[in-house]
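Remarks on the overall topology
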Amino acid sequence: MTTHSIALIPGDGVGRDVTKAAWQALQAVAKAHGFALRGDWFPWSCAAYKETGAMMPADGIETLRRYDAILLGAVGWPAAVPDAVSLHGLLLPIRKAFVQYANVRPHRLLPGVQGPLRREGFDILCIRENTEGEYSGAGGRVHQGGDDEVAVETSVFTRKGVERILRYGFEQARKRRGKLASVTKSNAQKYSMVFWDDITQRLAAEYPDVEVTSYHIDAMAARMVMAPETLDVVVASNLFGDILTDLGAAIQGGLGYAASANINPDRTAPSMFEPVHGSAPDIAHLGVANPIAAMWSGAMMLEHLGEAEAARALLAAIERTTASGIGAVPGKDRTEAITAAVLAAL
Ligand code: NAD
Ligand code: IPM
Ligand code: MN
């Protein structure tokens, strides 16, 4: 029997509840499809930071490297640890160290879920650059605290980095409806974003079957609200993709529905699967976090591990659950009730 080894990092706040729920669903689907998932739990979190002074041990990356995939809940508890410390101590280093350069986030309405827009029928796949750009971490502060203080944070766009994420976008478009929207702000940012547009143009020649359109980020934000059904694959830089995917989550009914995969397409290191949302301190401990985003991320993990049939079965169970009305209205059902319904649907 095939066994996939999974590193589980529930993290903080609702990350714990939704990871537990997703793991239950994953175990059930694995059993039904004749393979095993072996999970090791890592308590790396802001709570651990308060005890040990680190978000993960010094050899954390090397530990994770031994797994086939990582399932993560959410990282961040700003009341205890500054976000810039916790996220740069755990989530962001994993994405970079394991070259998970493609952050893949699907946005569509699950059956029975009513988004805030009075339109249906959109099915968007956002591809966000995940290792460089505006979140490269290059910068510094000088004369800290003084009147002459200066803060500099430099976006880093490399030819290798931009080319590979655009190519990934073209490939996904080719597998879907053949449309790629490339998002920049090249009217105002005349170096990095024009560079991105140039590479888009050049690659377009290699993909004559893909219809590629460049949009400015501001116009894309409006389009995702006004005409989301005109979009297929959307590819964007780290910051723009981060913002657009919370917008995508909103139009699909809320952050409790938005799944995501941090993919290393070359498979030189494990990929990581996590919902788009964070630790939701405002609802943590209430037992009302929607586990669907985490479960759907789990289905993306199965797909990546080569268990396509099981991935489809899990997604179908999620869809039957929301179609029945359970988990279809944000805030209505408790985490446990939604989890039980998905398990029953499986
Ligand atoms: P958030 O995503 O945690 O919450 C935003 C809103 O969405 C809140 O009102 C919350 O209640 C709601 N929400 C989130 N997940 C939900 C779910 N599963 N079900 C129902 N409602 C849900 O964003 P935030 O408040 O800006 O961030 C909180 C913390 O999480 C911060 O520390 C932030 O840095 C961190 N964060 C981590 C990740 C990650 O680990 N990938 C992602 C985003 C934010
Ligand atoms: C996300 C999150 C993270 C990001 C934060 C927590 C650093 O917002 O996964 O979308 O911006 O990548
Ligand atoms: Mn985000």
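Going by an unreviewed UniProt entry, the protein carries the name Tartrate dehydrogenase and comes from Alsobacter sp. KACC 23698. Under Sequence similarities (unreviewed entry), UniProt gives the following word-for-word description of the protein: "Belongs to the isocitrate and isopropylmalate dehydrogenases family."

Things to note about the environment of L180
With respect to the helices, strands and loops of the structure, L180 is situated in strand 8 (residues 179–184). Taking C-alpha positions, L180 is 21 Å from A250, a pair spaced 70 residues apart along the chain. Discounting residues that sit within four places of it in the chain, L180 has contacts with G169, F170, A173, V210, E211, V212, T213, V233 and V235.

Some details on the environment of A293
Locating A293 in the fold gives a position in helix 10 (residues 292–304). A relative accessible area of 0% means that A293 is categorised as buried. For A293 and F273, which are 20 residues apart along the polypeptide, the C-alpha to C-alpha distance reads 10 Å. Setting aside its immediate chain neighbours within four residues, A293 contacts L255, G256, Y257, A258, A259, P275 and H277.

Some thoughts on the pattern of salt bridges
On inspection of all chains with the given rule, the structure shows 16 salt bridges. Between R95 and E274 there is a salt bridge; the shortest N-O distance is 2.7 Å. Pair noted here: R95 is in helix 5 (residues 91–97) and E274 is in the loop between strand 12 (271–273) and helix 10, with a separation of 179 residues, a long-range link. For the pair R95 and E274, a shared accessibility class is recorded, and that class is buried. Notably, a salt bridge pairs D123 with R176, separated by 3.4 Å at the nearest N-O pair. Taken together, the positions of D123 in strand 5 (residues 123–129) and R176 in the loop between helix 6 (159–175) and strand 8 put the pair 53 residues apart, joining distant regions of the chain. Three or more residues are tied together by salt bridges with common partners; here these are D123, R176, R177 and D232.

With respect to the sheet that holds strand 5
Strands sit in the order 2-1-3-12-11-4-5-10-8-9 across an open sheet of 10 strands; the sheet is mixed. Edge positions in the open sheet fall to strand 2 (36–41) and strand 9 (211–216), since each of these has one partner strand only. Within the sheet, the average angular offset between the axes of one strand and its neighbour, ignoring direction, is 25°. One ladder, built from two bridges, connects strand 11 (residues 261–263) with strand 12; its direction is antiparallel.

Quick look at the pairing of strand 9
Note: strand 8 against strand 9, six bridges, orientation parallel. Bridge pairing in strand 9 links L180 to V212. A crossover connection joins strand 8 to the parallel strand 9 through helix 7 (residues 192–204); in handedness this β-α-β unit is right-handed.

Let's talk about the packing of aromatic side chains
This structure, assessed with the given rule, holds five aromatic pairs. Relative to W41, the ring of W23 has its centre 6.5 Å away and its plane inclined at 85°; by these criteria the two rings are edge-to-face. Taken together, the residues span a long stretch of sequence, with W23 in helix 1 (residues 14–32) and W41 in strand 2 at a distance of 18 residues. A residue is classified by how much of its surface remains accessible, and W41, at 41% relative accessible area, is partly exposed. Ring geometry for F42 against W44: centres 4.8 Å apart, planes inclined by 45°, an arrangement best described as tilted.

The rules we used
Residues numbered from 1 in each chain as written. Chains lettered and ligands numbered in written order. Predicted model: local features only at pLDDT ≥ 70, side-chain atom pairs only at ≥ 80, totals over all residues. Heavy atoms only, no water. UniProt positions renumbered as here; feature names shortened; annotations may be inferred. Helix = DSSP H or I, 4+ residues; strand = E, 2+ residues; numbered from the N terminus. Contact = heavy atoms within 4.5 Å. Buried < 20%, exposed > 50% of the residue type's maximum accessible area, 1.4 Å probe, protein only. Salt bridge = Lys/Arg side-chain N within 4 Å of Asp/Glu carboxyl O. Pairing = 2+ DSSP bridges. Axes fitted to C-alpha atoms, helices over the stretch in contact; angles between N-to-C directions. Right-handed = clockwise from strand over helix to strand, strands pointing away. Phe/Tyr/Trp six-rings, centres within 6.5 Å; stacked < 30°, edge-to-face > 60°.

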